[in-house]
Amino acid sequence: MLKEILGKKIIIFDGALGTMLQEKQKLGQDTSLVSIEDPDFLEAIHLKYLEANADVITTNTFGANSYKLESAKYTLTEVINASIDVAKSALSKHNKKDKFLAYDIGPIGQLLKPFGALEFDEAYLMFKEQVLLAKDKVDLFIIETMSDVYELKAAILAVKENSTLPVFSSMSFESDERTLMGTDVESYANIATNLGVDAVGVNCSLGPKELKKIVFKLLESTNLPILVQPNAGLPCFKDGKTCYNVGIDEYVKIMEEFALAGVSIVGGCCGTNPEYIKKLSEKCKNIKLIRPKNLVKTKASSSQMTIEIGERPIVCGERVNPTGKKLLREALQNQDFDYVIHEAISQEKAGANILDVNVGASGIDEISTLPKVMKLIQEVVMLPLQLDSANYEALEKSARYYNGIPIINSVNGKQESMDKVFPIVKKYGTLVIALTLDGSDLPKNAFERELIAEKIITEAKKYDIPEERIIVDCLVLTASAQQAEVIETLNAVRNIKAKYKVKTALGISNVSFGLPNRNLLNKTFLVSALANSLDLAIINPLDNEMMDAISAFNVLYNKDLNASEYIAKQTNEIIEKKDNSNLSLYEIIKQGLKEEASKSVKELLKTMAPLDIINEILIKALDEIGSLYESKKIFLPQLILSAEATKEAFAVIQKEFVSKDEKKGPIILVTVEGDIHDIGKNIVKVVLESYGYKVIDLGKDVKAEKVIEAYKTYKPKAIGLSALMTTTVESMKKTIFMLKQIKDVCPIIVGGAVLTSEYAKEINADHYCKDAISTVKLLEKIL
């Protein structure tokens, strides 16, 4: 029933549960337990939203996962069943048709590897556990308030693999139009859309005004129904209670603007209540919906970057492939992945847009090695990847663990290949390279290549894979042996592009095999292929002549406006291209290479004093990373990896030369009572430790009395208090009040998603820090 109206009319979701629970002073820890301990109160909230004309109410299960409830007095099954039963009871009493129940899935509360301790499979199982308990009792699943698109992927897969119900996804964005983990709107939309969700949305963290740019970018980035559930503005603190700065009329006016622009699912998050939803329904219910009609585009994504194939030539770096590369093959066989990582980094710096990853060589287990190498590369480069293997199991495993939407290389016209590869492409939303091969003999001319391409495209449609997700490789043959057929490849590229909506790819360097001056042939063939509508050039990006040829082509074919990129390149205003086989410690820290950091420090200690390494290299590298983070040139994952690499370096120095007493601090960090979200605190801890601070981590959900006790025990130089939820800021205020009773107590710093500098003043904190880097800068200043 829901799918019949989805995208055809405006659907009204409910508003915040937390806001309503706060009125009865239910702290953050207890919100999911209210379903058992006070079901009548919770049912009354659901009924108020139904009476406000909400079409969909959500279960009180935002925090109902096995991690958050590990020390609760009720089991996960008890909490989920009670939450669903209360909501269904409200629906029954309301007794109106076309009302739906959404099972609410929130973040687990831990960072996934490599930035935290949680494995992807562990996250998947926690989500699966919820899905199995709820799927027969609800109408849809909503995965909301996600800040990590990798965690979102685990949740989407858990729902789609264990249920046939609709699934909506919703992420929370910061004011810089990226999530906490650095995902931009276009990448999120591409990932969620191609993973097969039924609606894509945003919620929480910001008010409707602050979400405007994000919402309109989302409308441009997908044709799926769009869900928008903002906060009622930004939080403030008055008369001992949390309030929000956007009233009902202002909120509804902006939401009406969203609905008129094509947003089809509207509701509320923190600070909203049934009055907001009632007015929202009155204004939006009868708006004639305009469905997004964006052209379907060919996009590959990492978690932080999306590359569109088709607008201009795209370079796929070919160097992570052991074929014909003895050193790389030996490195893979010896599980020495540093060499591979250097190859990836050097290609990104040289200007590649996508990186091919192939580990196929004698003695290498591709099923285990390809996902491992893929994950390591994704840690250190932002570029999307092309997963290259003839092993179907290796492709499936890698596609599952890939963070984003990759390209799979490849499928061909053989039925067995299509039967194996297309289910992977469909399930994980990937792009796919399609080789124009369907037997033992190579196609002799353009027409034969076109027939095979048509066969592959037709078969893909049976899996509902659109042409735009297919990149046809028309096969480059060697001019030395098959000279007459080189032009047939170019003819096939041009003809296939003219006939279908697919894109095209070629491995350029094959053309020159066996001939002298290969670079000249490669460059000439590349430009010829680009002129015949080639989209994806698989080349060595460290070959300056090849990259210059593409740069010049973009000027001559009006793809580089005002030749700005060409001019910058020719005047050396681009990133320096250099050999990264011997990275300095400074570069190692910037790239976040933990193992290399330890090795490099050990070598430097032979010639440099420990404090010189710290002051001249480590701190300077971290300061540059901090500046890049603040200017949004890198994002939280890169910051964490650099901090972790620095910790490794400090550990070596401390072990061999520095006593523990020489550390700065100590600093106490704590997530306050009632709040079980400690991701932000943990990030601050990692960064502080990377700067040489000793950190006393008291954990999450910590009573004020325990903080006082820790202060007396450790005599810290500063205390950092964290809170994610508005309902726990009162606990923070109480903790600060008790600490201020101590004479000459150290500075108290507060932070968290709901805090602002004004909010911090109102609860009598000494300082407010918005993130880990600002915390470091503050401590350096005040200590």
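My aim in this report is to walk through the structure given alongside it, one point at a time. None of the values given here were measured: they were computed from a predicted structure.

Points about the sheet that holds strand E7 (residues 226–229)
Here comes step 1: Across the sheet, eight strands lie side by side as E1-E10-E7-E6-E5-E4-E3-E2; this open sheet has parallel pairing. Sheet topology places strand E1 (11–12) and strand E2 (56–58) at the edges, where each strand pairs with a single neighbour.
Here comes step 2: Alignment of strand E4 (residues 140–146) against strand E5 (residues 167–171), held across four bridges, turns out to be parallel. Of the residues in E5, the one forming a bridge with Ile142 is Phe168.

Quick look at the environment of Ile589
Here comes step 1: Note on placement: Ile589 falls in helix H22 (residues 585–591).
Here comes step 2: A residue is classified by how much of its surface remains accessible, and Ile589, at 0% relative accessible area, is buried.
Here comes step 3: Along the primary structure Ile589 and Asn491 are separated by 98 residues, whereas in three dimensions their C-alpha atoms are 48 Å apart.
Here comes step 4: Once you skip the residues sitting within four places of it in the chain, Ile589 turns out to touch Ala597, Leu618, Ala621, Ser642, Ala645 and Thr646.

What to know about helix H27 (residues 704–714)
Here comes step 1: Within H27, the full set of buried residues consists of Ala704, Val707, Ile708, Ala710 and Tyr711. The arc enclosing the buried residues of H27, seen along the axis, measures out at 165°, which places them on a common side. Residues of H27 that are exposed and angled more than 90 degrees away from the buried face: Glu709, Lys712 and Thr713.
Here comes step 2: Of the surrounding elements, those touching the buried residues of H27 are strand E21 (664–671), strand E23 (718–722) and helix H28 (729–739).
Here comes step 3: Of the residues trailing H27, Lys715 is marked for its positive phi of about 50°.

Quick notes on the pairing of E5
Here comes step 1: Taken across its five residues, E5 has five buried, putting it largely inside the fold.
Here comes step 2: The alternating pattern of E5 places Val167, Ser169 and Met171 and Phe168 and Ser170 on opposite faces, both of which are buried.
Here comes step 3: Crossover connection from E4 via helix H7 (residues 149–162) to parallel E5: handedness right-handed.
Here comes step 4: Relative to strand E6 (residues 199–203), E5 runs parallel, the two sharing four bridges. Paired with Ser170 across the two strands is Gly201, which belongs to E6.
Here comes step 5: The handedness of the E5 to E6 crossover, carried by helix H8 (residues 185–194), is right-handed.

Here we look at the sheet that holds strand E22 (residues 693–697)
Here comes step 1: Taken in spatial order, the five strands of this open sheet run E22-E21-E23-E24-E25, and their pairing is parallel. Taken across any chain shown, the strands that pair with only one partner, and hence form the sheet edges, are E22 and strand E25 (767–768).
Here comes step 2: Of the strand pairs in this sheet, strand E24 (residues 748–751) and E25 are connected by two bridges, and their pairing is parallel. When the sheet's bridge partners are listed, Ile749 is paired in E25 with His767.

Reading the values: the criteria
Residues numbered from 1 in each chain as written. Predicted model: local features only at pLDDT ≥ 70, side-chain atom pairs only at ≥ 80, totals over all residues. Heavy atoms only, no water. Pairing = 2+ DSSP bridges. Helix = DSSP H or I, 4+ residues; strand = E, 2+ residues; numbered from the N terminus. Buried < 20%, exposed > 50% of the residue type's maximum accessible area, 1.4 Å probe, protein only. Contact = heavy atoms within 4.5 Å. Arc of directions from axis to C-beta. Right-handed = clockwise from strand over helix to strand, strands pointing away.

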